[in-house]
Amino acid sequence: MTMASNTLQFKTNYAVSSKIEPFYKGGKVQINKDEKYILCTCGTRVNILEIATGQLTRSIEQDDQEDITSFALSPDDEFLVTASRALVLKQWDWRDGICTRSWRAIHNTPVASMTFDPSSTLLATGGCDGTIKLWDVLKQYCTHNLKGSAGVVHLVQFHPDSSVLQLFSSSLDCGIRVWDLRSSQCVCVLESHYSAVTSLAFTPDGSTMVSSGRDKICTVWDLKSREVVRTVPVYEAVEAVVLLPEEGDFSQLGVRTKGLHFITAGSKGVLRLWEAGSARCVFSQTPPVSTPPPSGEEAGPEEEWSQRSLTYCIHLPSSARLAIVTAEHNILLYQLPALALQQQFVGYNDEVLDVKFLGKGDSHIVVATNSPQLKVFELASRSCQILYGHTDTVLALDIFRKGSMFASCSKDNTVRVWRMDTLSGEVRCVAQGSGHANAVGSISCSRLKESFVVSGSLDCTVKVWDVPEQQEGAGEAELQTLSVRTTEKAHDKDVNGVAVSPNDKLLASGSQDRTVKVWPCGPAAGLRGHARAFGGIPLVTNHSWPAPRQTMMKLLGTQNFSCLKTFEGHDASVLKVVFVSRGSQLLTSGSDGLVKLWTIKTNECVKTLDAHQDKVWGLHASRKDDLAVTGSADSSIMLWQDVSEIELAEEQAQQEDQILKQQELSNLLQEKKFLKALGLAISLDQPHTALRVIKEIRRGRDGEQQLENTLLRLRRDQKESVLRYCAVWNTNARSCLDAQAVVQVLLRHHPPEELLQYQGARNILEALVPYTDRHMQRIGRLLQASMFLDYMWQKMRVTGHSSVETQGESMDTSPVAPATPPPLFIIDTSPSLEGERGRQEDEEGGEKEEEEEDAAEENQEDDADVSVAGGKAGKNGKTERGREETEMAEESASGESSGEEDEGADDGAGDGRKRENGIGWSSEALPLQMELIR
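Below, the structure is looked at part by part. Sequence order sets the numbering: in each chain, residues are counted from 1 along the sequence as written. Local features in this predicted model are restricted to residues whose pLDDT is 70 or higher, and side-chain atom pairs enter the listing and the counts only when it is 80 or higher, whereas totals over whole chains, interfaces and linings include all residues. Excluded from the side-chain calculation are hydrogens and water; included are all heavy atoms of the structure.

**Structural notes on the sheet that holds strand E36 (residues 414-420)**
Moving on, step 1. Whether two strands pair comes down to DSSP finding at least two bridges between them. Each helix is a run of H or I in the DSSP string that is no shorter than four residues. Each strand is a run of E no shorter than two, and both are numbered from the N terminus. As summarised here, the arrangement of the five strands in space is E34-E35-E36-E37-E41, forming an open sheet in which the pairing is mixed. Of all strands in the sheet, those with a lone pairing partner are strand E34 (394-399) and strand E41 (480-481), marking the two edges.
Moving on, step 2. Of the pairings in the sheet, the one linking E34 to strand E35 (residues 405-410) comprises five bridges and is antiparallel in character. Each bridged residue has a counterpart across the sheet, and for aspartate 398 the counterpart in E35 is alanine 407.

**A few points about the pairing of strand E6 (residues 68-73)**
Moving on, step 1. Relative accessibility under 20% of the residue-type maximum defines a buried residue, over 50% an exposed one, and the middle range a partly exposed one, all with a 1.4 Å probe and only protein chains included. The element E6 is extensively covered by neighbouring structure, given that five of its six residues are classed as buried.
Moving on, step 2. With five bridges connecting them, E6 and strand E7 (residues 80-84) associate as antiparallel partners. Residue pairing in the sheet places isoleucine 68 in a bridge with serine 84 of E7.
Moving on, step 3. Linkage of E6 to E7, two consecutive antiparallel strands, is achieved through a turn of six residues, within which aspartate 77 is found at a positive phi near 65°.

**Quick notes on the sheet that holds strand E19 (residues 208-213)**
Moving on, step 1. If you walk across this open sheet you meet the four strands as E18-E19-E20-E21, and the pairing is antiparallel. In this open sheet, the two strands that pair with only one neighbour each are strand E18 (197-202) and strand E21 (227-233). The average angle at which neighbouring strand axes cross in this sheet is 20°, direction not considered.
Moving on, step 2. Pairing of strand E20 (residues 217-222) with E21 involves six bridges; the strand directions are antiparallel. Pairing of valine 220 across the sheet is with arginine 230, part of E21. Angular values range over 0 to 180 degrees, each being the angle between N-to-C directions of two axes fitted as lines to C-alpha atoms, with helices fitted over their stretch in contact.

**A short note on the packing of aromatic side chains**
Moving on, step 1. Only centres within 6.5 Å qualify two rings of Phe, Tyr or Trp (six-membered ring in Trp) as a pair; their planes then separate them into stacked at under 30 degrees, edge-to-face at over 60, and tilted for everything else. Under the criterion given, the structure shown has six aromatic pairs.
Moving on, step 2. Each ring, one from phenylalanine 168 and one from phenylalanine 202, has its centre 5.2 Å from the other, and the planes form 55°; the classification is tilted. Placement of the pair is phenylalanine 168 in strand E15 (residues 166-170) and phenylalanine 202 in strand E18, with a sequence separation of 34 residues. We note that phenylalanine 168, like phenylalanine 202, is buried.
Moving on, step 3. Note on tyrosine 725 and tryptophan 729: the rings are 6.0 Å apart at their centroids and 40° apart in plane angle, and the pair reads as tilted. Linking tyrosine 725 with tryptophan 729, this pair stays in helix H7 (residues 716-729), spanning four residues, or about one helical turn.
Moving on, step 4. Overall, tyrosine 725 belongs to the buried group, its relative accessible area being 3%.
Moving on, step 5. Charge-over-ring placement is defined geometrically: NZ (Lys) or CZ (Arg) within 6 Å of the ring centre, and within 35 degrees of the ring normal. Lying over the aromatic face of tyrosine 771, arginine 774 brings its terminal NZ or CZ to 5.3 Å of the ring centre.

**Digging into the side chain of arginine 382**
Moving on, step 1. Mapped onto the elements of the fold, arginine 382 is located in the loop between strand E32 (374-378) and strand E33 (384-387).
Moving on, step 2. Here arginine 382 occupies a buried position and makes no salt bridge, while the nearest side chain of opposite charge, glutamate 21, is found at 8.0 Å.
Moving on, step 3. Side-chain polar atoms of arginine 382 contact the backbone oxygen of lysine 19, separated by 2.6 Å.
Moving on, step 4. Discounting residues that sit within four places of it in the chain, arginine 382 has contacts with Ser18, Lys19, Ile20, Thr53, Gly54, Gln55, Gln344, Phe345 and Phe377. Only four residue types enter the charge count, namely Lys and Arg as positive and Asp and Glu as negative; His and the chain termini do not. Salt bridges are defined by distance alone: a side-chain nitrogen of Lys or Arg within 4 Å of a carboxyl oxygen of Asp or Glu. Here a polar contact is taken to be a pair of N or O atoms separated by no more than 3.5 Å, where protein atoms must pair a possible hydrogen donor with a possible acceptor and residues adjacent in sequence count only if both atoms sit in side chains. Between two residues, a contact is recorded if the distance between any of their heavy atoms is within 4.5 Å.

**Describing the pattern of salt bridges**
Moving on, step 1. For the coordinates displayed, the defined rule picks out 21 salt bridges.
Moving on, step 2. Among the salt bridges present, the one from glutamate 704 reaches arginine 698, with a minimum N-O distance of 3.5 Å.
Moving on, step 3. The class of arginine 698 is buried, set by a relative accessible area of 7%.
Moving on, step 4. If you follow the salt bridges from partner to partner, you end up with Lys695, Arg698, Glu704 and Asp738 in one network.

**Section: helix H3 (residues 644-670)**
Moving on, step 1. In a regular helix each residue adds 1.5 Å, so 27 residues correspond to 39 Å; H3 covers 39 Å between its end C-alpha atoms and thus fits that length.
Moving on, step 2. Inspection of H3 places Ser644, Leu665, Leu668 and Leu669 among the buried residues, and these make up the whole buried set.
Moving on, step 3. Considering only its buried residues, H3 is in contact with strand E56 (637-642), helix H4 (674-683) and helix H5 (687-699).
Moving on, step 4. Of the residues trailing H3, lysine 672 is marked for its positive phi of about 60°. Helix span, as expected, comes to 1.5 Å for every residue beyond the first.

**Quick notes on the packing of H5 against helix H6 (residues 703-712)**
Moving on, step 1. Taken N-terminus to C-terminus, the directions of H5 and H6 make an angle of 135°; their axes are 6 Å apart at the nearest point. When the axes of H5 and H6 are compared, the pair comes out oblique. Of the residues in H6, those in contact with Ile694, Ile697 and Arg698 of H5 are Gly703, Glu704, Gln706, Leu707 and Thr710.
Moving on, step 2. Its residues placed into classes, the contact of H5 with H6 shows three nonpolar, three polar and two charged. Small angles under 35 degrees read as roughly parallel and large ones over 145 as roughly antiparallel, with 65 to 115 read as roughly perpendicular and the rest as oblique. Any residue outside Ala, Val, Leu, Ile, Met, Phe, Trp, Tyr, Cys, Pro, Asp, Glu, Lys and Arg is labelled polar, Gly included; the first ten of those are nonpolar and the last four are charged.

**Comments concerning the side chain of serine 644**
Moving on, step 1. One can find serine 644 in helix H3.
Moving on, step 2. When sequence neighbours within four positions are dropped, the list of residues in contact with serine 644 reads Phe10, Lys11, Thr12 and Asn13.

**Describing the packing of H4 against H5**
Moving on, step 1. At a minimum axis distance of 8 Å, the contact between H4 and H5 shows a crossing angle of 160°. Between H4 and H5, the interaxial angle falls into the category roughly antiparallel. Considering the relative orientation of H4 and H5, their crossing is left-handed. Contacts between H4 and H5 involve Phe674, Ala677, Leu678 and Ala681 from the former and Thr689, Ala690, Val693, Ile694, Glu696 and Ile697 from the latter. Each crossing gets its handedness from the near helix: less than a right angle anticlockwise from the far helix is left-handed, clockwise is right-handed.

**Examining H6**
Moving on, step 1. For H6, the full list of buried residues reads Gly703, Leu707, Glu708, Thr710 and Leu711. For H6, the buried positions fall inside an angular range of 165° around the axis, keeping them on one side.
Moving on, step 2. Looking at the packing, one finds that the buried side of H6 touches H4, H5, H7 and helix H8 (736-749). The arc in question is traced by the directions running from the helix axis to the C-beta atoms.

**Notes on the nonpolar core**
Moving on, step 1. Remark: nonpolar core denotes a set of buried residues (Ala, Val, Leu, Ile, Met, Phe, Trp, Tyr, Cys) joined through side-chain atoms within 4.5 Å. Grouped together as the largest cluster of nonpolar side chains are 37 residues, with contacts concentrated most on Leu678, Val693, Leu711, Val722, Cys726, Trp729 and Val742.
Moving on, step 2. Elements with a minimum of two residues in this core: H3, H4, H5, H6, H7, H8 and helix H10 (761-794).
Moving on, step 3. The biggest single contributor to this core is H8, with seven residues.
Moving on, step 4. What valine 722 contacts, discounting residues up to four positions off in sequence, is Ile682, Leu711, Leu714 and Val742.
Moving on, step 5. Residues Val242, Leu253, Leu271 and Tyr334 belong to the second largest nonpolar core, which totals 19 residues.

In structure tokens, the structure reads:
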């Protein structure tokens, strides 16, 4: 084994690679003309399913979020019309999912049924108000309003010959009304049924019609004489009837004579073929194998078949198939003439209780839902096998090591073992065990060999079952019995979870009594420590296990039965836990719909995965440790792909790309290629880097002109980004001059109407205004202070010997008696100066409170942060305003007027005066620029 294979790479993230979500929750089902797509309703949506792949290609949803009550697809596949509870009809381009037209349905109550005529011109809608409306979808107007039906019109259907112009309808009065569309009158009512009429089927020439009803009869009608030809008792409530094609050999179905034959689908859950002439059944499907309820009570005929009843039967003439819809929202495709099952699609899984990977290479998943049937999905095609056997809800699943066998337990108090044929993929039950006195809620398989199964029940016992050796090619009839090796009264309350160690030497059980017990042969120890009940308890190679079913998890060791680790992070109950990364990490699922990835060594939650809307009951990892599957109470199944290596590679590539771009940016700045540098900074979405480029441009010779040329050559999207950056730069005194320079260029060369078309321009300009006002007020105060210092300087007179007088005199080196030196300055204390000084002090006192408020608002603008070089001069050094004034006095006295940009917040502000006529912020242009921004 190489060093690379020994290196353990911790997982950091999972991503959803595929989903199995509900796409049909009852209602109408229709197949398009070329028989490639299935259209069905699911709440507020019409879902379009591709038959070949089982993928949901498109979902058409109402804007008003109202449930769709009915829909119809035109025979030429051009129009899809939907009706919702909002009493609105919408016409769709269903291939692109675009609504092309909508109009009021005129009905007073929701539309219950609708259909197109064979020419795809007329649309008939039957409402719950007992009226029928006909619409011309091409000319877009209502052509007929047919009244007279009693109650909800649940069935409307046109005559197959469009030239006949007849419409058939049925409502709660159990009659079939025939409407003449030329006269808009009901010409007759066909009465034969004593219960609701469910479907109508016509011969191609339109001379004969077969009707079915829930009164357990089918009636053959002669439409020319409008009389009953034959009444066929079918002994079940029929939901759909389909005529068998006259062409073709259907001898496999028992057809021996020519004549009218029809197929019925109803409450018994099987397809049956009837001969109309003799009124006898010539073929009946074999029902799925199921065992009777363990309680011994016989279920009534209606309850026995209620879950298996068929609701729709659709003939697909081009592919010679039948599409069947069951009451459990499954769609099955049968191939004629043998009626061989070809495909199955599960429209609604109900609450998913457990899910496991299955098959060679984890190509399938087996799902336990809130039903007695198990569902095996092929991940590639989404085709599903429905496994019958249990008579009550299946609660838990577990897989043997090789992946081709698994075990299930149910509320029917039984345990079953199933095997998948590795060649055909067919799954069948090979063994069954019964013996528990209550529902079996947990199960675990042996890890080394397919030798035994452990079950935990609500009867507080744990049973170990011996699994008989299975032959690969054993027949279906050889259902063997699981024998009980041992039974232990394990706990005082319900057993919630059992698990077998990887070496098959230890067994752990957890219970509602808040204990975990380890069983080598008998009970080895009882472990307490949790405050609530225990759930699933998977064992790992170091003989430690977590014990969930509360918001925290504990990792317990079997050496001294102490708590090794405690994991806290879930806000709701932890329902499932599995080990990944060779036992160094955990995947947990909770009742809040979250899945968390943990690292055991650090007790750290590495990632939280949020994709479900309800409790995540099922969680399992593949044998290659690269996939995980979750099943939730929201009826969705998520397949998760380990993307840790992909994200690491992407992050490294992104870092390398960033380094290369940063180097390229530095080279562009060095080469003075500012346009490319600014464009690169914008593409990297780095406002600070873009600010660096702007500063470099403004520092150069003819900086303003260079900045203007650079900004005007940017694309519109780049200008939008720069304008957005300016709103950020303008909040800081250090960068406000650069922001205002950019805004000034944009305002100067683009009209306001064009700037307002930029994305988010209004919000950006609104953000610029208040900070620009603050900057103007601050600079105004500094200009006012500088004027005072100018006035002070003009009033100062220098005294002493002039330099001209001392130039021609020789230096006298003789000693001179010390004398009092003359004052260096004499300040004019005229009344005008005293009055001006008093006025300035009054203004200082009045402005002090305003400055304190501005300082509290502007955290990044501290106007009193300059160093006081001449702070020893007079009482002005005692206040913040005094420090500003003395510094301005020093700058004026020294004559320094540097053109470099000041990096400090107040240096940049104070620099506004000395850059007044340069490339800086012009005080004369500010008011005009503010008005343009407003």
